[in-house]
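The residues making up each chain are set out below.
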Amino acid sequence: MTRLDVGPEEVEAPAACDGPRALLLHSRDVPLGGVRAMEVHRALPQRDLPMVGAWCFLDRFGPQVTRMRVEPHPHIGLQTVTWPFEGEVRHRDTVGSDVLVARGALNLMTSGAGIAHSEYSTGADAVALDALQLWVALPEHRRHGAPEFERHERLPIVALGAEGAEVAEATVVMGPFAGAVSPATTHTPLVGAEVRIRPGATVRLPLESAWEHALVGVFGEVRLGGDDAATDAGATASGITVGAHDLLYLGVHRDHVDVTAGDEGATIFVLGGEPFGEDIVMWWNFVGRSHDEIVAAREEWEADAPRFGHVVGHGPERIPAPPLPHVRLTPRRRRL
């Protein structure tokens with residue numbers, strides 16, 4: 001996935017959350033790859049919340065009927081996590097991968113020092129598409145390494161409930177959750193899990209208390225109870241409702257949270273991780289540590305340097321880098 005909102009980064013602010021929160025944030029609509037018909041909802045980064053653990057980017061493209069054509073484009077310093085709900089997208093990259101991204105399979109691309117890839121919907125006509133794509137910032141010890149691609153079609157699925165009453169189930173996409181661990185490679189302590197909750201059911205989601213977490217609405221609605229929601233000004237006694245495209249930031253120092261699905265049932269995505277200990281500079285498709293590093297990566301992409309390789313099955317077509325802003329890029333830091 002490529003991003004087009006490439007303005008100046010955030011100014012300096014406090015570096016980490018220091019307790020539980022219950023802060024509801026809404027996605028914003030953004031263009032994708034120049035294809036204006038693509039409906040994309042961006043939940044991360046937020047102006048006041050650039051990251052949750054090492055998760056630094058979250059797009060949902062869909063649900064919609066459209067034709068996706070995202071030509072080859074570069075990444076540095078991150079992992080892309082693609083998690084589909086509907087439809088198929090062909091992924092091709094510079095390490096030789098050529099796969100169909102489809103429901104139930106995790107596609108994980110680790111850029112290291114540099115990689116490029118393309119994303120096409122299947123066929124020549126518009127098709128139903130719906131998926132999450134997330135980015136994980138790589139830590140210093142991995143961000144300069146070689147690029148890699150993984151595909152995992154067998155992910156752990158765990159039942160959630162009390163006293164034998166199963167009211168929800170979770171697919172563990174990344175990291176550990178509810179006693180299960182995804183086979184996907186991670187480089188910082190984090191979790192990503194899809195949770196499907198039965199209509200009207202209340203479920204307790206286990207959390208690692210030393211990590212920060214967020215809940216992302218996918219389908220239907222869930223409600224966070226009054227006690228859990230009362231940590232932020234403005235929360236009502238009845239709690240907070242999280243709908244599709246919402247992100248509820250939970251902060252740190254929680255070992256669980258109870259959520260109740262609406263009458264239609266609900267699907268949410270749980271994000272979490274150890275608060276990321278390094279400042280990042282994030283611009284276009286690059287996650288680095290300094291303005292000069294981003295400038296160098298842009299120049300190498302524009303020069304078709306060997307750093308990014310050539311995407312399998314493509315000719316000279318590629319997405320050019322946008323112009324840099326007329327200010328120095330600075331680290332993204334939270335304002336919460």
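Residues numbered from 1 in each chain as written. Predicted model: local features only at pLDDT ≥ 70, side-chain atom pairs only at ≥ 80, totals over all residues. Heavy atoms only, no water.

### A word on the packing of aromatic side chains
Working definition: an aromatic ring pair is given by the centre-to-centre distance plus the angle between the planes.
Turning to step 1, where the next piece is worked out: Enumeration over the complete set of coordinates arrives at seven aromatic pairs.
Turning to step 2, where the next piece is worked out: Centre to centre, the rings of F57 and W135 are 4.0 Å apart; their planes meet at 20°, and the pair counts as stacked. Of the two residues, F57 sits in strand β4 (residues 55-66) while W135 sits in strand β11 (residues 127-137), which places them 78 residues apart along the sequence. For the pair formed by F57 and W135, the shared burial category is buried.
Turning to step 3, where the next piece is worked out: Ring centres 5.4 Å apart and planes at 70° place the aromatic pair F85 and F219 in the edge-to-face group. Linking F85 in strand β6 (residues 78-86) with F219 in strand β19 (residues 212-224), this pair joins segments that are 134 residues apart in sequence.
Turning to step 4, where the next piece is worked out: Ring-pair connections join several aromatic residues into one group, and the members of that group are W283, W284, F286, W301 and F308.
Turning to step 5, where the next piece is worked out: Above the plane of the ring of Y120 lies R92, whose end atom (NZ or CZ) is 5.2 Å from the centre.
Turning to step 6, where the next piece is worked out: In this arrangement the basic side chain of R318 is found over the ring face of W301, its NZ or CZ atom lying 3.6 Å from the centre. (Phe/Tyr/Trp six-rings, centres within 6.5 Å; stacked < 30°, edge-to-face > 60°. Helix = DSSP H or I, 4+ residues; strand = E, 2+ residues; numbered from the N terminus. Buried < 20%, exposed > 50% of the residue type's maximum accessible area, 1.4 Å probe, protein only. Lys NZ or Arg CZ within 6 Å of the ring centre and 35° of its normal.)

### Focus: the pattern of salt bridges
Turning to step 1, where the next piece is worked out: Under the counting rule described, the total for this entry stands at 18 salt bridges.
Turning to step 2, where the next piece is worked out: With a closest N to O distance of 2.8 Å, R103 and E194 form a salt bridge. In this pair, R103 is assigned in the loop between β8 (98-101) and β9 (106-110) and E194 in strand β17 (residues 190-197), connecting sequence segments 91 residues apart.
Turning to step 3, where the next piece is worked out: The partly exposed category is assigned to R103, whose relative accessible area is 41%. (Salt bridge = Lys/Arg side-chain N within 4 Å of Asp/Glu carboxyl O.)

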